[in-house]
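Residues per chain, in single letters:
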Amino acid sequence: MPQLSNGADTLIAPPPAPPTPEARAAEATSAESPHLARSLSNRHIQLIAIGGAIGTGLFMGSGKTISLAGPSVIFVYMIIGFMLFFVMRAMGELLLSNLNYKSFTDFAADLLGPWAGFFTGWTYWFCWIVTGIADIVAIAGYVRYWWADLPLWIPAVSAIVLLLSLNLPTVKAFGETEFWFALVKIVAIVTLIVVGIVMVFNSFTAPNGAEASFTNLWNDGGMFPTGVMGFVAGFQIAVFAFVGLELVGTTAAETKSPERTLPKAINSIPIRIMLFYVGALVVIMAVTPWREIVADKSPFVGMFSLAGLGIAASLINFVVLTSAASSANSGMYSTSRMIYGLALEGDAPSRLRRLTKRKVPASALFFSCVFLLGGVALLYAGTSIMEAFTVVTTISALLFMFVWSMILISYLAYRRKHPERHARSAFKLPGGVVMVWVVFGFFGFLLWALTQQADTLRALLVTPVWFVVLGVAWAIVRRRPHHVARYEAFRRALQEPSETSSTPVV
C-alpha cells in the first residue's frame, strides 16, 4: 500500500528495487552505444564487390577446373554465379529492410534467434580465418618467386603486419587498399581478354600447330567432352572461387548511402560473372585447346607466354600475389567486423567490441591476426601441406555454403514475420520464396558432388566437427546473464531510428 505524506494527498511511492545484474549489463551496453563509421563510398563498395568475385581460384585454379570439365566449365561458372546472385539479392533485401543491421549475422540473430547469430557469425569468422591462412601461405610462396632464399616466415609475417597497419587507421584505408587491389585484378583480366581476342582474329598459330579459334570450344569432343561426371567434378573446385561474393554484406554498417550503393553492387554480379569468369575462360580455351591446358599451372601465364609477352610469368605472379593479398585483406576486415558484431550481441568477449577514436574495432583486428599467424606454422608443416591445403579449402567452401543457407533461411523468416517490410521494399528478391527453394536444391546438388572425390569427401565428413564445437560453446554462452542482457540491448538498438532512410532507391 502506498503511504500518505503527513496527512497530505501526495502518495509516496515505495523505493525502487535495486537493478538486477542483467539490467545493469543491458544499461552499460546501451550507454556505450558503439557505432561503426559510414566511410565507404560508392566506388569503394563497387570495387570491393568486384574484388570479392575475383579470387585466386580464377587465376590459379581454373587450369584444373578446365582439365576436369573441358569447355563445359563455362556453364559451371554461369550456374554457380546465377544461383549465388539470388542469395545476394535476398541478403540485399534483408539488409535494406532495416539499416540498423550491420551485417547478415544481425538479421539472422534478429529473425531466427540468438543461436543463429552465434552460429552464422562464428562460422563466417572461421571461413575467413581458413581462407586467410591459405592466402598468407600463398603470398609467401609467390614472394619466393623473386627471392628464392628468403625464409618463408618473413613474407608471411610481413604481409600480416602490413595488412594490419592498413586496416587500423580508418575503414576508409581498407576501402582504398581494396580498391587498388581489385583494380589490378580487373586490368589483368581485361588485358587477357583483349589480347586473346586479337590472337583469335589474327588466327594465331602456336608452336605445336594449334590455331586460335572459337571453334576450339566445341571441335574436340563437344562442349561436354568429359561427360556428365566431368561436368559435375568442375563444381567441386569452381564453388570455392566464389567465396567472398557476400563480402559486400559485411560493409553495410560502414557504407555511405547503403540504400543506393548496395543494390548497384549486387545487381552488377551477373555482369561481373560473365566478364571476369566466362569471358576470360572462353578466350583462354579459344587460344589454347582445352586438352593442352595443364592442370597445375595458371592458364593466364600460358596465354600471355604464347602472345610473346616475355615478362608474362613475373606479371601474372604479381597479379596473383595481389589477388592473394586482396583476399587476405578482405578476410582481415570481415573477421574483425564479425567478431565486433558478435561481441555486441554477447556472443564474444565484451572487450572485442571496443572501437578506436576513428571507429575501428582494433581489438577484434588483433584477435583475428593472432589466428592468421597459423599460416606461418603451415609453411613448415612438411610435404603433405598441399593435401591438407585441399581439404582445408574444401571445408571453407562448405562453411561458406552454410552461411549462404542461413541468409536464405533468414529471408524465409523475414517473409513470414514482416510481410509489411517486404511489401514496402524496392529491392525485392526476384522469384521470392520459390527461388529460395531452387537455390537450396542446388546446394543439395553441390553436397552430392563433393562426395564424388576422396579428398572432398574427407572434408565433407570432417566439417560437422566445427558445428559440434560451436554447439558446446553455445550451450555455455547462452545461459550467461551478460549474454542475455546484451542480446536484449541489441534487439532494442534495432528498433532505433537508422542513420539514413530505410527505403532503398534502385
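Conventions we followed
Residues numbered from 1 in each chain as written. Predicted model: local features only at pLDDT ≥ 70, side-chain atom pairs only at ≥ 80, totals over all residues. Heavy atoms only, no water. Helix = DSSP H or I, 4+ residues; strand = E, 2+ residues; numbered from the N terminus. Buried < 20%, exposed > 50% of the residue type's maximum accessible area, 1.4 Å probe, protein only. Contact = heavy atoms within 4.5 Å. Areas by Shrake-Rupley, 256 points an atom, 1.4 Å probe, with all protein chains shown as cover. Arc of directions from axis to C-beta. Patch = residues over 30% accessible without salt bridge, like charges linked within 9 Å, V, L, I, M, F, W, Y side chains within 5 Å. Salt bridge = Lys/Arg side-chain N within 4 Å of Asp/Glu carboxyl O. pLDDT = per-residue confidence, 0-100. Phe/Tyr/Trp six-rings, centres within 6.5 Å; stacked < 30°, edge-to-face > 60°. Lys NZ or Arg CZ within 6 Å of the ring centre and 35° of its normal. Axes fitted to C-alpha atoms, helices over the stretch in contact; angles between N-to-C directions. Core = buried A, V, L, I, M, F, W, Y, C linked by side-chain atoms within 4.5 Å. Parallel < 35°, antiparallel > 145°, perpendicular 65-115°, else oblique. Left-handed = near helix turned anticlockwise from the far one by under 90°. Nonpolar A, V, L, I, M, F, W, Y, C, P; charged D, E, K, R; others polar. Expected span 1.5 Å × (residues − 1).

Our next topic: the overall build of the protein chain. Summing up its helical and strand segments, the protein chain has 21 helices and two strands in all. A buried classification covers 56% of the 506 residues belonging to the protein chain. Summarising the internal contacts of the protein chain: among those between residues at least 6 apart in sequence, 83% fall at separations of at least 24. If you sum the accessible surface of the protein chain, you get close to 21000 Å²; carbon and sulfur atoms cover 67% of it.

Another point: helix α14 (residues 362-372). When we look at burial in α14, the residues that qualify are Ala 362, Ala 364, Leu 365, Ser 368, Cys 369 and Leu 372. The arc that holds every buried residue of α14, seen down its axis, measures 155°, which confines them to one face.

For the rest of this paragraph, the subject is the side chain of Thr 123. Its place among the elements puts Thr 123 in helix α6 (residues 114-143). Not counting residues up to four positions away in its chain, the partners in contact with Thr 123 are Leu 399, Phe 402, Val 403, Trp 466, Phe 467 and Leu 470.

A word on a nonpolar patch on the surface. Taken together, the side chains of Phe 75, Met 78, Ile 79, Phe 224 and Met 274 present a nonpolar region at the surface, about 400 Å² in accessible area. Exposure remark for Phe 224: the relative accessible area of 42% places this residue in the partly exposed category.

Per-residue pLDDT for the protein chain has a mean of 77; in total, 78% of the residues score no lower than 70. By mean pLDDT, the top-scoring element of the protein chain is helix α18 (residues 432-450) (94), and the lowest-scoring one is helix α1 (residues 21-32) (42). Counting interchain partners and residues more than four positions distant, the pLDDT-below-50 stretch residues 1-33 has 23 contacts. With pLDDT under 50 throughout, residues 499-506 is counted as low confidence; its partners more than four residues away or in other chains account for 20 contacts.

Our focus in this paragraph is unusual backbone geometry. Located in the positive-phi region is Ser 203, a residue other than glycine, with phi close to 50°. Turning to its location among the elements, Ser 203 is positioned in the loop between α8 (171-201) and α9 (227-238). Accessibility expressed as a relative area gives 36% for Ser 203, which makes it partly exposed.

To continue, consider the packing of aromatic side chains. Taken as a whole and judged by the stated rule, the model has 29 aromatic pairs. On the numbers, 5.7 Å between centres and 5° between planes, the contact of Phe 75 with Phe 224 is stacked. Of the two residues, Phe 75 sits in helix α4 (residues 73-97) while Phe 224 sits in the loop between α8 and α9, which places them 149 residues apart along the sequence. A relative accessible area of 31% places Phe 75 in the partly exposed class. Aromatic pair Tyr 124 and Trp 128: ring centres 6.4 Å apart, planes at 80°, arrangement edge-to-face. Of the two residues, Tyr 124 and Trp 128 are both situated in helix α6; the distance of four residues between them amounts to about one turn of the helix. The aromatic ring of Phe 427 is capped on one face by Arg 89, whose charged end is 4.0 Å from the ring centroid.

Here we come to the environment of Arg 144. Summarising the element assignment, Arg 144 is placed in the loop between α6 and α7 (153-167). When its relative accessible area of 33% is taken as the criterion, Arg 144 is described as partly exposed. For the pair formed by Arg 144 and Pro 155, sequence separation is 11 residues and the distance between their alpha carbons is 8.6 Å. The contact partners of Arg 144, leaving out residues within four places of it in the chain, are Leu 150 and Leu 152.

Axis separation between helix α10 (residues 258-267) and helix α11 (residues 269-287) bottoms out at 5 Å; the angle between their running directions is 35°. Contact residues: Ala 265, Ile 266 and Asn 267 in α10; Ile 269, Pro 270 and Arg 272 in α11.

When you line up the elements, Asn 329 lands in helix α13 (residues 312-344). Sequence separation between Asn 329 and Leu 164 is 165 residues; the distance between their C-alpha atoms is 8.4 Å.

Right, let's get into the nonpolar core. If you look at the biggest cluster of nonpolar residues, it comprises 132 residues, and the most contacted ones within it are Ile 80, Val 87, Phe 107, Trp 122, Met 285, Trp 404 and Phe 443. It is α4 that contributes the most residues to this core, 16 residues altogether.

A few words now on the packing of α6 against α14. At their nearest, the axes of α6 and α14 sit 9 Å apart, and the two run at 50° to each other. Classified by the interaxial angle, the pair formed by α6 and α14 is oblique. As α6 packs across α14, the resulting crossing turns out to be right-handed. Of α14, the residues touching α6 (which contributes Trp 122, Trp 125, Ile 129, Gly 132 and Ile 133) are Phe 367, Ser 368, Phe 371 and Leu 372. Residues belonging to the contact of α6 with α14 are distributed by class as follows: seven nonpolar, two polar and no charged.

Attention now moves to α6. If you check α6, its first and last C-alpha atoms are 43 Å apart, about what 30 residues at 1.5 Å a residue would give, namely 44 Å. Counting buried positions along α6 yields 26 of 30 residues, so the element is predominantly enclosed.

Below, the discussion takes up the environment of Met 401. Mapped onto the elements of the fold, Met 401 is located in helix α16 (residues 385-417). Taking the relative accessible area as the measure of exposure, Met 401 reaches 5% and is therefore buried. Once the C-alpha coordinates of Met 401 and Leu 447 are considered, the two residues, 46 residues apart in sequence, prove to be 9.5 Å apart. Leaving out residues up to four positions away in the same chain, Met 401 has contacts with Phe 443, Leu 446 and Leu 447.

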